[in-house]
Protein chains: 2
Amino acid sequence: LTAGAELDSFIPMRRAVNGFRQITIIGVGLLGGSIGLAVKARHPETLIVGVGRRRLSLSQALKRGAIDRAYLEDACPQAVASADLVVLATPVGAFERYLRAIRNHLKPGAIVTDVGSTKSDAMAAARRVLKAGHACFVGSHPMAGSERKGVVAADPDMLTGALCVITPGRAPRATARVEAFWRELGMRTVRMSPAAHDKAVARISHLPHLLSVALMCLPQRAELRLAAGGFRDMTRLAGGDPEMWRDILLSNRREIQAAMDEFSRRWSKLRRLVKRADGDAAQEYLRSAQRARLRNVTK
Amino acid sequence: LTAGAELDSFIPMRRAVNGFRQITIIGVGLLGGSIGLAVKARHPETLIVGVGRRRLSLSQALKRGAIDRAYLEDACPQAVASADLVVLATPVGAFERYLRAIRNHLKPGAIVTDVGSTKSDAMAAARRVLKAGHACFVGSHPMAGSERKGVVAADPDMLTGALCVITPGRAPRATARVEAFWRELGMRTVRMSPAAHDKAVARISHLPHLLSVALMCLPQRAELRLAAGGFRDMTRLAGGDPEMWRDILLSNRREIQAAMDEFSRRWSKLRRLVKRADGDAAQEYLRSAQRARLRNVTK
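What comes next concerns the included structure. From a predicted model like this one, the values you see are computed outputs, not experimental measurements.

Cut-offs applied
Residues numbered from 1 in each chain as written. Chains lettered and ligands numbered in written order. Predicted model: local features only at pLDDT ≥ 70, side-chain atom pairs only at ≥ 80, totals over all residues. Heavy atoms only, no water. Pairing = 2+ DSSP bridges. Helix = DSSP H or I, 4+ residues; strand = E, 2+ residues; numbered from the N terminus. Axes fitted to C-alpha atoms, helices over the stretch in contact; angles between N-to-C directions. Contact = heavy atoms within 4.5 Å. Buried < 20%, exposed > 50% of the residue type's maximum accessible area, 1.4 Å probe, protein only. Salt bridge = Lys/Arg side-chain N within 4 Å of Asp/Glu carboxyl O. Buried area = accessible area lost by both parts, 1.4 Å probe. Polar contact = N/O pair within 3.5 Å; in protein donor to acceptor, adjacent residues only side chain to side chain. Core = buried A, V, L, I, M, F, W, Y, C linked by side-chain atoms within 4.5 Å. Least-squares fit on C-alpha atoms with pLDDT ≥ 70 in both. Phe/Tyr/Trp six-rings, centres within 6.5 Å; stacked < 30°, edge-to-face > 60°. Lys NZ or Arg CZ within 6 Å of the ring centre and 35° of its normal.

**Topic: the sheet that holds strand β5 (residues 111–114) of chain A**
Within a sheet, neighbouring strands are paired by backbone hydrogen bonds and run either parallel or antiparallel to one another.
Residues and elements named next belong to chain A.
Step number 1: One open sheet holds the 8 strands; their spatial order is β3-β2-β1-β4-β5-β6-β7-β8, and the pairing between them is mixed. Bordering the open sheet on either side are β3 (69–72) and β8 (188–191), each of which pairs with just one other strand. Taking each pair of neighbouring strands and ignoring which way they run, the sheet shows an average axis angle of 25 degrees.
Step number 2: Where strand β2 (residues 47–52) meets β3, 4 bridges bridge the pair, whose relative direction is parallel. Bridge pairing in β3 links Gly52 to Leu72.
Step number 3: Sitting on the sheet, helix α3 (residues 55–64) touches β2 and β3, and the angle it makes with β3 is about 170 degrees.
Step number 4: Running over the sheet, helix α7 (residues 172–184) touches β1 (22–26), β4 (85–88), β5, β6 (136–142), β7 (163–167) and β8 and is turned about 30 degrees from β6.

**A short note on the environment of Lys119(A)**
Residue and element names in this part refer to chain A.
Step number 1: Turning to its location among the elements, Lys119 is positioned in the loop between β5 and α6 (120–129).
Step number 2: Residue Lys119 is classed as buried on the basis of its relative accessible area, which comes to 0%.
Step number 3: Among all residues touching Lys119, those that are not within four sequence positions of it are Asp114, Gly139, Ser140, His141, Thr167, Pro194, His197 and Asp198.

**Comments concerning the sheet that holds strand β4 (residues 85–88) of chain B**
All names here are of chain B.
Step number 1: Read across the sheet, 8 strands follow the order β3-β2-β1-β4-β5-β6-β7-β8 without closing on themselves; strand pairing throughout is mixed. In this open sheet, the two edge strands, each paired with only one partner strand, are β3 (69–72) and β8 (188–191). Going across the sheet, the axis of each strand differs from the next one's by a mean of 25 degrees, ignoring polarity.
Step number 2: Sheet strands in contact with helix α3 (residues 55–64) are β2 (47–52) and β3, and its direction is about 170 degrees off that of β3.
Step number 3: Packed onto the sheet, helix α5 (residues 95–102) meets β1 (22–26), β4 and β5 (111–114) and runs at close to 155 degrees relative to β4.

**Notes on the pattern of salt bridges**
When the charged atoms of two side chains with opposite charge come close together, those side chains can pair.
Residue and element names in this part refer to chain B.
Step number 1: A complete count under the given rule lists 34 salt bridges over all chains for this structure.
Step number 2: A salt bridge links Glu179 to Arg191, with the shortest nitrogen-to-oxygen separation between them at 2.7 Å. Of this pair, Glu179 sits in helix α7 (residues 172–184) while Arg191 sits in strand β8, and the two are 12 residues apart along the sequence.
Step number 3: You can call Glu179 buried: its relative accessible area is 11%.
Step number 4: Under the relative-accessibility criterion, Arg191 is labelled partly exposed at 44%.

**Examining the interface of chain A and chain B**
It is common to give the size of an interface as the accessible area that goes away when the parts come together.
Step number 1: Between chain A and chain B, the contact holds 82 residues from the first and 82 residues from the second.
Step number 2: Taken together, the two surfaces of chain A and chain B that pack against each other cover about 8000 Å², and 69% of this comes from carbon and sulfur.
Step number 3: Per-residue buried area on chain A facing chain B is highest for Leu218(A), Leu226(A) and Trp267(A); these three make up 10% of the total on that side.
Step number 4: Counting the contacts that link chain A with chain B gives 8 salt bridges.
Step number 5: Between Asp261(B) and Arg271(A) there is a salt bridge, with its nearest N and O atoms 2.8 Å apart.
Step number 6: Counting across the chain A and chain B interface gives 28 residue pairs in polar contact (both at pLDDT 80 or more).
Step number 7: Listed by contribution, the elements that provide at least two residues to the side of chain A that touches chain B are β7, α8 (194–216), α9 (221–224), α10 (229–235), α11 (242–251), α12 (253–275) and α13 (279–296) of chain A.
Step number 8: The dominant element in the side of chain A that touches chain B, judged by the number of residues it contributes, is α12(A), at 15 residues.

**Here we look at the nonpolar core**
Step number 1: Core analysis: the largest hydrophobic core is formed by 81 residues, its most contacted members being Leu226(A), Phe263(A), Trp267(A), Leu226(B), Phe263(B) and Trp267(B).
Step number 2: Excluding its chain neighbours within four sequence positions, the residues that come into contact with Phe263(B) are Leu211(A), Ala214(A), Leu215(A), Leu218(A), Phe263(A), Trp267(A), Leu207(B) and Leu211(B).

**Considering the relation of the copies chain A and chain B**
Put simply, the two copies of the chain differ by a rotation about an axis and a shift along that axis.
Step number 1: Once chain A has been moved 0.0 Å along the axis and rotated by 180 degrees, it coincides with chain B to within an RMSD of 0.0 Å. A rotation of that kind, with that shift, is consistent with a two-fold axis.

**Some details on the packing of aromatic side chains**
Here a ring pair, both rings aromatic, is described through the centre-centre distance and the interplanar angle of the planes.
Step number 1: Summed over all chains, the structure comprises 8 aromatic pairs over all chains.
Step number 2: Centroid distance Phe263(A) to Trp267(B): 5.6 Å. Interplanar angle 65 degrees. Geometry classified as edge-to-face. Of this pair, Phe263(A) sits in helix α12 while Trp267(B) sits in helix α12 (residues 253–275), which puts the two residues in different chains. Across the pair, exposure class does not vary: Phe263(A) and Trp267(B) are buried alike.
Step number 3: Judged by centre distance (5.9 Å) and plane angle (20 degrees), the ring pair of Phe263(B) and Trp267(B) falls under stacked. Residue Phe263(B) and its partner Trp267(B) are located together in helix α12, separated by 4 residues, close to a single helical turn.
Step number 4: The exposure class of Phe263(B) is buried, given its relative accessible area of 0%.
Step number 5: Through a chain of ring-to-ring contacts, the aromatic side chains of Phe263(A), Trp267(A), Phe263(B) and Trp267(B) assemble into a single cluster.
Step number 6: The ring centre of Tyr98(A) lies 4.9 Å from the NZ or CZ of Arg97(A), which sits over that ring.

Structure (structure tokens):
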């Protein structure tokens with residue numbers, strides 16, 4: 001035993017990320033993998049366990065260092081047994097199934113959160129499945145992503161500076177710990193009710209996604225050679241994962257419908273301006289959009 | 001006289017860009033300024049003359065080195081008198097006025113081109129104004145830009161790698177020289193009829209712009225704090241110059257209306273899928289958009 005080693009033993013171990021010594025991430029795709037990488041970059045001593053449906057993505061996640069141990073989905077009870085924090089990072093439609101599979105295997109005091117893009121359904125699933133005595137559920141929506149897919153595209157910096165919406169659970173302490181977790185990964189956080197969140201994201205995230213999809217389907221291939229930066233930007237979202245977006249559409253259907261209807265009304269107004277060749281009104285419309293963009297959307 | 005200087009005089013002067021020793025750019029904004037910078041970067045000996053409406057933009061253009069001499073718009077006859085090439089880089093709606101102002105002042109053999117986003121109107125204006133004995137007109141649409149405005153945002157590399165659509169004029173040689181001019185500035189070129197160009201850009205450029213504008217006007221300010229990268233990309237175009245876009249809307253109104261109508265039909269279909277909660281059909285729609293994006297739109 002050297003003096004140095006002895007000294008080390010008196011220095012308290014660097015605390016695991018917010019006291020979460022083991023984090024189990026269910027779904028090691030783009031976002032799950034990025035969370036794993038971001039935790040490991042800051043706290044290499046935290047044990048990250050990954051659960052996946054396919055051997056390939058699990059081995060890619062291990063290879064990239066996003067997780068330390070891998071389990072196929074059938075083994076998710078074992079994967080969560082020692083977890084302090086479980087992060088659901090699958091498509092929203094699979095949350096309830098996973099919650100049922102793990103609820104009797106979580107250790108006392110464990111916290112479950114998610115990364116789902118819709119929050120009413122996720123919170124309702126957690127309320128239905130997790131009863132008193134089970135773990136606490138806190139909803140999270142880290143608003144970061146890319147049109148790329150899978151752990152191969154995961155990026156430890158993807159979360160940095162982005163906003164994470166928290167929908168609080170029943171236990172204030174668990175909510176605060178989940179909030180601190182995302183902040184430690186470099187995110188800004190804001191608390192919202194699931195309903196307010198779902199309405200806002202329908203308008204600010206799901207609607208743009210659908211516009212991008214509908215636009216991408218319109219031009220013929222020969223026309224696409226004229227596509228420049230504008231078209232490329234406007235269709236980036238359309239490259240996103242269809243399975244994930246199917247779940248989002250179904251899960252947030254009512255709010256998305258309302259947002260689509262409102263868009264249709266505004267679109268009809270713009271069509272009328274163009275039809276009437278009303279240059280002044282069109283310019284005013286363009287100017288108000290430009291003003292809103294310059295004032296409210298920062299690079 | 002040194003030996004070196006004597007030797008120099010026997011080496012033919014480095015040819016000006018495609019034989020254009022003086023280029024007059026009418027409108028020294030983002031695109032006009034970028035063209036000036038791109039020419040000067042390759043051929044510093046080419047004389048670039050700028051015409052503008054405001055003293056401020058002319059002095060900014062001089063300061064940035066995008067032009068060598070500046071004239072206010074009233075003096076455009078003098079500005080074009082020695083020009084080998086005149087580039088109209090104002091909003092499309094001003095083309096005819098400038099063509100009338102310069103037509104009797106161009107030197108024999110001068111070529112006039114433009115950078116307009118719509119080509120039927122530009123070609124028609126040139127046909128109306130420039131008669132036999134006047135200069136040749138060749139239509140150009142360099143498909144490069146940004147949501148920023150003015151010569152302060154000009155960038156000599158903005159054109160590099162982008163596509164320039166050429167709508168040929170009556171003189172094949174002038175068309176070839178204009179084509180070579182844009183290629184020399186690093187652009188790819190393609191020839192199209194004005195009608196085919198206008199239909200394609202209505203669908204691939206003007207429609208996306210209007211979608212971006214309508215989207216930008218929809219969310220309330222409080223919702224905008226949830227805006228992430230997707231919303232930012234989808235509204236970048238909405239930051240574009242309202243005056244320029246007013247002219248584009250008026251000039252390409254028929255094709256834009258047709259594109260808006262087709263978009264509306266596709267949008268209605270997507271609304272029905274969401275309303276019916278038809279997950280399979282929605283996923284198929286999302287998948288076809290994803291496929292088209294990945295296959296046909298390159299970074």
